[in-house]
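Each chain, letter by letter, is given below.
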Amino acid sequence: MVYNASMIILGVETSCDETAISVVEAEGDLQNLSFKLLGSALHSQVKLHAEYGGVFPNLAKREHIKNLPLVYKEALGKAEVEERKIEMIAVTVGPGLEPALWTGIVFAKELGERLEIPIIGTNHMIGHIASVLFNNKIEFPAVALLISGGHTELVLLNSWTDKKKIGETQDDAVGEAFDKVARMLGLPYPGGPEISHLAEQARELRIINYELRFPRPMIHSRDLNFSFSGLKTAVLYYLRDNPQTEKMAVAREFEDAVIETLVFKTKKAIEEYCPKTLIIGGGVIANKALRENFINLKNDYSDMKILIPAKELTTDNATMIAMAGYIQYLGNGTKTSVELSAQGSLDL
Ligand code: KG4
Ligand code: ZN
C-alpha cells in the first residue's frame, strides 16, 4: 500500500495526570514516516496531585473531564485548523489508570461520532517509542528502552509490526523508584526532577560520600530484566541509620546506581541484538545525567543511531500518541477500530 496523501490526526492522551491534545499532520508509509506538529496543548495536574504525594485516579478523572474541552479548543486554535479538517482521532487506550483512560476514550468517541471520523485506540508505550520520530528515521532492527513512572522495559523491534519485549522490571518501575526515594528524602511529587536537581547540585559542588554505595540491582543477572525495589529499600535503610547524611549525596548516589544499571543492561541488549537504532523513551529520560550517559554510548557503538526525544516529548504528551496512532493505522491497514475500552495493563 502506498500512502502519498497526508492525514491530519488528533492525538488525545489522558492515561495519567496530563490532559494532552495535539494536532499532527502525518505522511508516508511504515518505511518512510514523516510528521509535522501543527499545534498542541497540555494541562498538567501535577501540582494538584503533589498535595497527596501521588496520582489519585478519581481526582485525575474529574480533572480530565473538566479540562479536555478546554485543551481541545486551545490545541485547535494553536494549530489554526478547523475541526472539520481532522481526519482521524488517536486516543490512548492503555496502559494507564483506567478511570483516567476512560475520559479520553469517551471524549474521542463523542468527537468521532460528531465529526464522522474514525478513531484508533492507541498504545501509550508505542507512543513513547514514536516520540523520537520528529526529523528522525528508525533503522531496523531497533532496541527501545522505555523508562517511565509505570514501566521499565527493553523492546526489540524488527519492524513496526514485529516487536517483542526482551526485558522488564520485576518489581518497581524506574520512575516509581525516583518518586519513592524522593518521598523518603522529603521531596515533593513527582520526585524524578527533584532528585535530578539535587544530584546535579551535588556534582557541581563536588559533594560525594565515599562510604555511601547503593546496589546496582541485577547487574550480574544473565537476562535483560531489571529490579528497583531492592535499591529503594537500601536507600530507606541507609537514611534510617544515617539520618544526618547530606540529601544531595544520597540523591547523587541513587541516580548513579540507576544510571549504571540502565546503561549496563542496555549495552547487554545491544551486544545481543546488534540494533541499527537505539531508542530511549519515557519520562525518566528527561534526566540530564542519564541523557548524557546514553548519548555517550556513541563512542562505543559508532555505527548505531541513538534517538532520544526532545525534552517536551519525554514525559506524557499527545503528539507521540498521534504519531503512534498513525503507525498502528498503517500496520492494521484499516481506519476502523474495534469497540474501544480502557485497558489498564495493555501490553505492547
Ligand atoms: O512517561 P511519564 O511522563 O509518565 C508515565 O507514563 O509514567 O513518566 C513520569 C515519570 C515520573 O516517575 C517522574 O518522576 C519521572 O518520569 N521523571 C524523571 C525526570 N522527569 C520526570 N525521572 C528522573 N529525572 C527526571 N528529570
Ligand atoms: Zn508515559
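For the structure, see preceding data.
Residues numbered from 1 in each chain as written. Chains lettered and ligands numbered in written order. Predicted model: local features only at pLDDT ≥ 70, side-chain atom pairs only at ≥ 80, totals over all residues. Heavy atoms only, no water.

Section: the packing of helix α5 (residues 174–184) against helix α6 (residues 191–204)
Packing of α5 against α6 brings their axes to within 7 Å, and their N-to-C directions diverge by 70°. The pairing of α5 with α6 is recorded here as roughly perpendicular in orientation. Every pair of crossing elements has a handedness; the one defined by α5 and α6 is left-handed. Together, Phe178, Asp179, Val181 and Ala182 of α5 and Gly191, Gly192 and Ile195 of α6 make up the contact between the two elements. Among the residues making up the contact of α5 with α6, the classes are represented as 4 nonpolar, 2 polar and 1 charged. (Axes fitted to C-alpha atoms, helices over the stretch in contact; angles between N-to-C directions. Helix = DSSP H or I, 4+ residues; strand = E, 2+ residues; numbered from the N terminus. Parallel < 35°, antiparallel > 145°, perpendicular 65-115°, else oblique. Left-handed = near helix turned anticlockwise from the far one by under 90°. Contact = heavy atoms within 4.5 Å. Nonpolar A, V, L, I, M, F, W, Y, C, P; charged D, E, K, R; others polar.)

Let's talk about the nonpolar core
The biggest cluster of nonpolar side chains holds 50 residues, and the ones touching the most others in it are Ile147, Phe214, Phe254, Leu262, Leu278 and Phe294. Mapped by element, the contributors of at least two residues to this core are β6 (142–147), β7 (152–159), α5, α6, α7 (229–241), α8 (247–273), β9 (277–281) and α9 (288–295). For this core, the element with the most residues is α8, which contributes 12 residues. Ignoring any residue separated from it by four or fewer positions in sequence, one finds Phe294 in contact with Leu145, Leu262, Val263, Thr266, Leu278, Ile280, Ile285, Ile306 and Ile308. One finds Val24, Leu33, Val132 and Ile279 within the second-largest nonpolar core, a separate group that totals 34 residues. (Core = buried A, V, L, I, M, F, W, Y, C linked by side-chain atoms within 4.5 Å. Buried < 20%, exposed > 50% of the residue type's maximum accessible area, 1.4 Å probe, protein only.)

Some remarks on the coordination of the zinc ion (ligand 2)
Bound to the zinc ion (ligand 2) on the protein side are His124 (NE2), His128 (NE2) and Asp316 (OD), at distances that span 2.0 to 2.2 Å. Of note, the zinc ion (ligand 2) draws all its donor residues from one chain, in the sequence arrangement H-x3-H-x187-D. Separated by 4 residues within a single helix, His124 and His128 lie in helix α4 (residues 124–130), roughly one turn from each other. In this pair, the class of His124 matches that of His128, namely buried. (Donors = N, O, S within 2.8 Å, 3.2 Å for Na, K, Ca; no water.)

Topic: the packing of α8 against α9
When two helices pack together, their arrangement is captured by the angle between the axes and the distance separating the axes. At a minimum axis separation of 10 Å, α8 and α9 run at an interaxial angle of 30°. By the angle between their directions, the pair α8 and α9 is classed as roughly parallel. When you trace α8 past α9, the crossing you get is right-handed. Contacts between α8 and α9 involve Glu255, Ile259, Leu262, Val263 and Thr266 from the first element and Ala289, Leu290, Asn293 and Phe294 from the second. Residue composition of the contact of α8 with α9, grouped by class: 6 nonpolar, 2 polar and 1 charged.

Comments concerning the packing of aromatic side chains
Here the distance between the centres and the angle between the planes together describe a pair of aromatic rings. Counted under the stated rule, the structure contains 8 aromatic pairs. Relative to Tyr326, the ring of Phe35 has its centre 5.9 Å away and its plane inclined at 85°; by these criteria the two rings are edge-to-face. Here Phe35 is found in strand β3 (residues 34–44), whereas its partner Tyr326 is found in helix α10 (residues 319–332), with 291 residues between them in sequence. Among the residues examined, Phe35 registers a relative accessible area of 10% and is labelled buried. Judged by its relative accessible area of 1%, Tyr326 falls in the buried class. With 6.2 Å between their ring centres and 15° between their planes, Phe226 and Phe228 make a pair best called stacked. (Phe/Tyr/Trp six-rings, centres within 6.5 Å; stacked < 30°, edge-to-face > 60°.)

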